Structure formats: structure tokens, C-alpha cells
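# A look at the structure
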Amino acid sequence: SQQGEEDPQALSIQEGENATMNCSYKTSINNLQWYRQNSGRGLVHLILIRSNEREKHSGRLRVTLDTSKKSSSLLITASRAADTASYFCAALMDSNYQLIWGAGTKLIIKP
Amino acid sequence: EAGVVQSPRYKIIEKKQPVAFWCNPISGHNTLYWYRQNLGQGPELLIRYENEEAVDDSQLPKDRFSAERLKGVDSTLKIQPAELGDSAVYLCASSPGTAYEETQYFGPGTRLLVL
């Protein structure tokens with residue numbers, strides 16, 4: 001099956017620090033979406049960035065997109081214990097309009 | 001507003017048995033998705049419906065999996081017969097329109113264990 005790639009696979013930081021996770025994909029995309037998954041709330045959409053956008057903000061989240069490098073990053077500032085979750089990127093491919101998901105980054109925020 | 005509802009939440013069956021999952025999307029959402037998620041991986045699309053029509057079922061193992069979305073609302077995903085490798089979480093999602101540009105809203109999933 002097709003999967004995007006995310007790194008790191010796991011990240012553990014202290015509460016209050018910033019967390020950055022990266023996503024790479026292989027073909028031309030229409031948009032890229034970030035989702036969060038934890039046991040309490042399931043998969044939740046965080047932010048969508050279109051292929052003609054370079055940066056987008058939502059609260060403590062900052063997403064960048066570099067289409068020339070086929071990569072995106074998600075920055076969470078001033079992390080909180082509640083941010084502990086797995087984070088997935090999903091890229092909408094231009095060619096066949098399929099949404100390709102990464103394997104996720106597991107983020108642990110230590111109190 | 002109620003979210004996406006799935007049932008059952010957990011299912012344990014023996015291999016070769018049939019199993020069915022049910023999904024009720026958010027009211028008014030035209031598009032419904034079924035995904036399978038294996039441990040430590042991202043979701044994999046099984047089938048996507050726009051209203052009653054299955055517009056993308058290329059990843060659905062049609063020899064044992066079937067799905068239906070009657071009247072363009074609720075949907076059922078069935079596996080018959082189940083195999084050990086089918087153990088996974090089955091996720092249902094819905095979105096308001098008919099394009100991936102929109103946010104998908106996910107249900108809590110059904111965790112299937114095949115023994």
C-alpha cells in the first residue's frame with residue numbers, strides 16, 4: 001500500500017518545549033492535511049495547507065509546505081501534556097485524487 | 001452536533017467467520033469513507049462513497065470484503081470470511097461535500113481481532 005513518510009517515528013519532549021515533525025511525499029499534490037490521533041478522541045483534523053500556500057497557522061500549530069522538496073512540517077509550540085498523541089500527514093495526490101497517509105509520528109509530552 | 005457513530009467498538013471472532021461493521025455519518029454529509037488502520041501505521045482507504053455511489057473501491061479486497069451505503073446515509077462494511085490478517089481498526093469518516101479538499105470527520109473505529 002502507498003504511504004507517505006514521516007519523521008521522526010517517535011518524539012519525546014518536556015512540557016513547554018516546541019515539537020517539530022516532518023512529512024515527505026513523492027508526487028504532485030493538491031493539498032496536505034495534518035491529523036492527530038489519541039485513544040480518547042480518535043482521528044481529528046488539525047489543519048489543511050493547499051499546494052499554493054507556503055505556511056499556515058492555527059493557534060499553537062504552524063504548518064509549512066515546500067512543494068519543491070515535496071515536504072511539510074508541523075510545529076507545535078509551547079507543548080502541553082494534552083498534545084501527547086500520534087500525528088499523521090495525509091497528502092492529496094493530483095494524479096488520481098487519492099489521499100496518501102503517512103505512518104505517523106508518536107509524540108510524548110513529559111510533565 | 002453528533003459525530004460519526006460506529007458500532008460495534010470491539011469485535012473478536014474466529015477466522016473464517018463473517019463480521020460486519022456499521023457506520024452512521026454526520027447528518028448531511030455526502031461523502032463516506034471506510035479505512036483500515038494497522039497498528040503503528042496510517043489509515044488505508046478501503047472505499048469511498050459519494051451519496052450512494054462507490055466512487056473509489058480500488059483498495060477493497062473484493063474477494064472477501066463488501067460494503068453498501070443504502071439511501072446515501074448509513075453504511076455497512078462486511079468481511080466474509082475473516083482471516084487473521086484482517087485484525088485491525090476499521091475507521092469510518094465522512095465529509096460534507098464530494099471532494100478531498102474538505103475536512104474528514106472520523107468515528108472512534110471498530111477494533112477487530114481475528115483469532
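Overview of the structure. (Residues numbered from 1 in each chain as written. Chains lettered and ligands numbered in written order. Predicted model: local features only at pLDDT ≥ 70, side-chain atom pairs only at ≥ 80, totals over all residues. Heavy atoms only, no water.)

All names here are of chain A. What the 5 strands build is an open sheet, ordered S1-S3-S8-S7-S6; its pairing is antiparallel. Each having just a single partner strand, strand S1 (5–7) and strand S6 (55–58) make up the two edges of the open sheet. Each neighbouring strand pair of the sheet contributes to a mean axis angle of 15°, computed without reference to strand direction. For S6 and strand S7 (residues 61–66), the ladder comprises 4 bridges, and the chain directions are antiparallel. (Pairing = 2+ DSSP bridges. Helix = DSSP H or I, 4+ residues; strand = E, 2+ residues; numbered from the N terminus. Axes fitted to C-alpha atoms, helices over the stretch in contact; angles between N-to-C directions.)

A cluster of nonpolar side chains, B:Ile12, B:Leu113 and B:Leu115, forms an exposed patch at the surface whose accessible area comes to about 300 Å². Among the residues examined, B:Ile12 registers a relative accessible area of 59% and is labelled exposed. (Patch = residues over 30% accessible without salt bridge, like charges linked within 9 Å, V, L, I, M, F, W, Y side chains within 5 Å. Areas by Shrake-Rupley, 256 points an atom, 1.4 Å probe, with all protein chains shown as cover. Salt bridge = Lys/Arg side-chain N within 4 Å of Asp/Glu carboxyl O. Buried < 20%, exposed > 50% of the residue type's maximum accessible area, 1.4 Å probe, protein only.)

So, about the sheet that holds strand S3 (residues 19–24) of chain B. Strands belonging to one sheet form pairs held by backbone hydrogen bonds; the direction of such a pair is parallel or antiparallel. Residue and element names in this part refer to chain B. Taken in spatial order, the 4 strands line up as S1-S3-S8-S7 in an open sheet, and their pairing is antiparallel. Of all strands in the sheet, those with a lone pairing partner are strand S1 (5–7) and strand S7 (65–68), marking the two edges. Strand-to-strand twist across the sheet, computed as the mean angle between neighbouring axes with direction ignored, equals 15°.

On to the packing of aromatic side chains, then. Taken as a whole, this structure holds 7 aromatic pairs over all chains when the rule is applied. An angle of 85° between the planes, with centres 5.7 Å apart, marks the rings of A:Tyr35 and B:Phe106 as edge-to-face. Of the two residues, A:Tyr35 is situated in strand S4 (residues 29–38) and B:Phe106 in strand S10 (residues 105–106); the pairing between them involves two chains. For the pair A:Tyr35 and B:Phe106, a shared accessibility class is recorded, and that class is buried. Pairing A:Trp101 with B:Tyr35 gives two aromatic rings, centres 5.8 Å apart and planes at 80°, and the pair type is edge-to-face. With A:Trp101 in strand S10 (residues 99–101) and B:Tyr35 in strand S4 (residues 31–37), this pair bridges two chains. Note on accessibility: A:Trp101 and B:Tyr35 belong to one class, buried. Here the aromatic cluster, defined as three or more aromatic residues joined through ring pairs, consists of A:Tyr35, A:Trp101, B:Tyr33, B:Tyr35 and B:Phe106. (Phe/Tyr/Trp six-rings, centres within 6.5 Å; stacked < 30°, edge-to-face > 60°.)

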